[in-house]
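Architecture and fold: a report
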Amino acid sequence: MNLQHLFKRVGCKIKVSLSFRIKADVVFKAASPSLRSEAASPTQQTTNSVIGNEVRSRRITKAISVFLFGMGQAHTEEDPASSVRPSATTVTTSSSIAALLSPSRNTNMAHDATRIAQFDPLEIFFAARETDLLQWKGDILAVGVTEKDMIKGENSMFQNQVLEKLDSTLGGLFSEGSSKKDFTGKVGQSMVHTAKHLGVKWVILIGLGNATGPSTSGFCVFGESIASVAKATQANTIAVALASTDGLTSQLKLSIASAIAKGIFLGTHELNRSNSGSKKLSLVSFEIFGLGSKPELEKKLKDIKYVCSGVILAKELVNRPAILLTPVLAEEAEKIVASHSDVFTLKILDKQQCQDLKMGLFLAVAGASANLPKFIHFWYKPTSGPVKTKVALVGMGLTNDNAALMKFDMGGAAAVLGAAEALGQMRPCGVEVHFIVPACEIFEVDNDSAGGRTLADALVYASNQGVDKMVDLATWNGACVPALGTSTGGIFSASDELLEEVVAASKVAGEKLWRLPMEESNGESEKCMINTSGCEGGGSRFLKQFVGEKVEWLHVDMTGPVWNTKKMRATGFGTHSLVEWVLSNATPEV
């Protein structure tokens, strides 16, 4: 991936003037011969011998990562004396690069990263209501309407009973306003009126298009729209209903309610993440009418809050500057395990332990970094009852991919950790879940797809845990983006049964997956994934060789949907689908 494509993808601009060159494979190295060969004082020679050309190159690359991914705007200028004193390069930032990259600063940055990882999930009271919608009192009454709901009869009255009753109470404001403003219920349309005489500050109609329920993703967007309205009006209490629920099964109603709640919760988090002080949304309660019985629906709403906490964690991990991530994935795993120590057990393998297990591919990728790799393994086991299925979730965790300067090459790891955060709170029965993250940095390789080799040792390790099924996630194959776009992940599997399970889970989650072929070959493309000669294809077939014969396996390439190019932030893609897949393998609660 070239820099032009990268900058377009992450939406960043950078102005740098340093003595370095960029090779065609986007590997950064010090270019000034004087930095390597010119005579220097004994002290400088000692410093150079300690730092070395590779370390200076690494610092330059890390500096660029800082500029690109969240540490402030920067402009570097070449010091006239830099040919003699490499340390004299000046940088105009909120703090100097020298301070940022010093050993003591690196330690402090790890603590800073830990603080960044902390988010304050908004405590919203979710409830199901079965009373008359017009009896509700509060700030916002939001009604989702389809284009069919907006059809009027010859008397200009709505044919939909809910809308007609609401419109009559408001003196015909909606029927009149919809004609004047050409509001037809299309996606993205909305119409608002005050209704203080009803005990409601605002009544809003939000268009759902032709949605009838099968796709929950549209209702998640509906929830996000409600969150935006709540912010604009500084609302504390919201009631939500659909104008029509005809033809919806009880299960589909629950899924729709869950999707709306997910949109409100995640939308609220995004809005508050972007604002501070009095502009923050202070939503307190959210009540849903007509989408399920109270006990069943409230259980569903409680579970979606757990899912959202995991999605938020995944998003914040990917949003974080890559330079801060190296120690943090292991720290996040430790926090998750500590919060649910009765169901989680943790093991983090160091470099020597990985060598003892002959993880040659993982260690080869990590070998050029001064930061030691961490192979993270923790597992969930129910506190009671038999385990009927053992599954593994494996996420690629390249925390600082300087081969392509991609900060989201640990999106797979983030999704796995997010799923663990949610499942630790949901506590499914009958299923044992192994969470595996090979976390390391990658520097100066001839093929920037070589980072995917870290998954090979992880798949061998996961197979040795005695699992029945496993799913791995990675941002590995850039070809999936032009093939599938930026909202759909590619999936590869030789198991039709497992593929159907994962696709079904993704539909519940409202995340798009599409199967891609994984045909047998003569093995040449698989070989090139090891020697990094730059040949195309073979990634999934390469990984398949490291999966146990009795293990069902599926690979998810999330390169496109891991990052929202419009909002310029992470999506948390994969987390919800993983949770739903694990739940589909669990034993129903008695």
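What counts and what doesn't
Residues numbered from 1 in each chain as written. Predicted model: local features only at pLDDT ≥ 70, side-chain atom pairs only at ≥ 80, totals over all residues. Heavy atoms only, no water. Helix = DSSP H or I, 4+ residues; strand = E, 2+ residues; numbered from the N terminus. Buried < 20%, exposed > 50% of the residue type's maximum accessible area, 1.4 Å probe, protein only. Contact = heavy atoms within 4.5 Å. Salt bridge = Lys/Arg side-chain N within 4 Å of Asp/Glu carboxyl O. 1 Å grid on protein atoms, 1.4 Å probe; cavity = no way out; pocket = protein on both sides within 12 Å on 5 of 7 lines; lining within 4 Å. Points joined across faces, edges and corners; volume = space filled by probe spheres on them. Nonpolar A, V, L, I, M, F, W, Y, C, P; charged D, E, K, R; others polar. Pairing = 2+ DSSP bridges. Axes fitted to C-alpha atoms, helices over the stretch in contact; angles between N-to-C directions. Disulfide = S-S within 2.5 Å. Phe/Tyr/Trp six-rings, centres within 6.5 Å; stacked < 30°, edge-to-face > 60°. Polar contact = N/O pair within 3.5 Å; in protein donor to acceptor, adjacent residues only side chain to side chain. Arc of directions from axis to C-beta.

**A short note on the overall build of the protein chain**
- In terms of helices and strands, the protein chain carries 20 helices and 22 strands.
- Expressed as a percentage of its 590 residues, the buried residues of the protein chain come to 54%.
- In the protein chain, of all internal contacts separated by at least 6 residues, the share reaching a separation of at least 24 is 77%.

**Focus: the pattern of salt bridges**
- Counted according to the given criterion, the structure contains 11 salt bridges.
- Between Lys165 and Asp132 there is a salt bridge whose closest N-O contact spans 3.3 Å. Highlighted residues: Lys165 in helix 6 (residues 161-169) and Asp132 in the loop between strand 6 (125-129) and strand 7 (138-145), separated in sequence by 33 residues.
- Three or more residues joined by partner-sharing salt bridges are found here, namely Glu270, Lys315 and Arg569.

**With respect to empty space enclosed by the protein**
- For the coordinates displayed, the defined rule picks out two cavities of 30 Å³ or more.
- Val471, Leu473, Val502, Glu511, Leu513, Val556, Phe573, Gly574, Ser577, Leu578 and Trp581 are the residues that line the largest cavity.
- Elements with a minimum of two residues in the lining of the largest cavity: strand 17 (469-474) and helix 20 (575-584).
- Split into classes, the residues belonging to the lining of the largest cavity amount to eight nonpolar, two polar and one charged.

**Considerations on the sheet that holds strand 9 (residues 200-207)**
- The strand order 6-11-10-7-9-8 describes an open sheet built from six strands, whose pairing is mixed. The open sheet has two edge strands, strand 6 and strand 8 (190-195), and neither has a second partner. Taking the axes of each pair of neighbouring strands and ignoring which way they run, one obtains an average angle of 20 degrees across the sheet.
- Those strands touched by helix 7 (residues 173-180) are strand 8 and strand 9, and its axis lies near 145 degrees from that of strand 8.

**Brief notes about the environment of Ala142**
- Considering the arrangement of structural elements, one finds Ala142 in strand 7.
- The buried category is assigned to Ala142, whose relative accessible area is 1%.
- Taking the C-alpha atoms as reference, Ala142 lies 7.2 Å from Ile206; in sequence the two are 64 residues apart.
- Those residues in contact with Ala142, other than ones at most four positions away along the chain, are Ile204, Ile226, Ala239, Val240 and Ala241.

**Things to note about the state of the cysteines**
- Within this structure, the stated rule accounts for zero disulfides.
- Not part of a disulfide, Cys308 finds its nearest cysteine sulfur in Cys220, a span of 7.7 Å.
- Free cysteine: Cys440, not disulfide-bonded; nearest cysteine sulfur from Cys354 at 9.6 Å.
- Judged by relative accessible area, which is 3%, Cys440 ranks as buried.

**Some remarks on the packing of aromatic side chains**
- Tallied over the full model, the rule gives nine aromatic pairs.
- Aromatic side chains Phe362 and Phe375 sit 5.7 Å apart centroid to centroid with 75 degrees between the ring planes, which places their arrangement in the edge-to-face category. Of this pair, Phe362 sits in helix 13 (residues 360-366) while Phe375 is found in strand 13 (residues 374-380), placing the two residues 13 residues apart along the sequence.
- Relative to Phe546, the ring of Phe542 lies with its centre 5.2 Å away and its plane at 65 degrees, an arrangement referred to as edge-to-face.
- Through successive ring pairs, a cluster of aromatic residues spans Phe344, Phe378, Tyr380 and Phe435.

**Here's the deal with the environment of Glu552**
- Looking at where Glu552 falls in the secondary structure, it is placed in strand 20 (residues 552-557).
- Expressed as a C-alpha distance, the spacing of Glu552 and Val471, which sit 81 residues apart in the sequence, is 8.6 Å.
- In this structure the side chain of Glu552 is engaged in a polar contact, spanning 2.7 Å, whose partner is the side chain of Ser495.

**Description of helix 6**
- For helix 6, every residue scored as buried is listed here: Leu163, Glu164, Leu166 and Asp167. Taken end-on, helix 6 shows its buried residues confined to a sector of 165 degrees, consistent with a single buried face.
- Its buried side turned inward, helix 6 meets strand 7, helix 7 and strand 9.
- Its side-chain oxygen 3.0 Å from the backbone nitrogen of Val162, Asn160 forms the N-cap of helix 6.
- Remark: Gly171 follows helix 6 within two positions and exhibits a positive phi of approximately 75 degrees.

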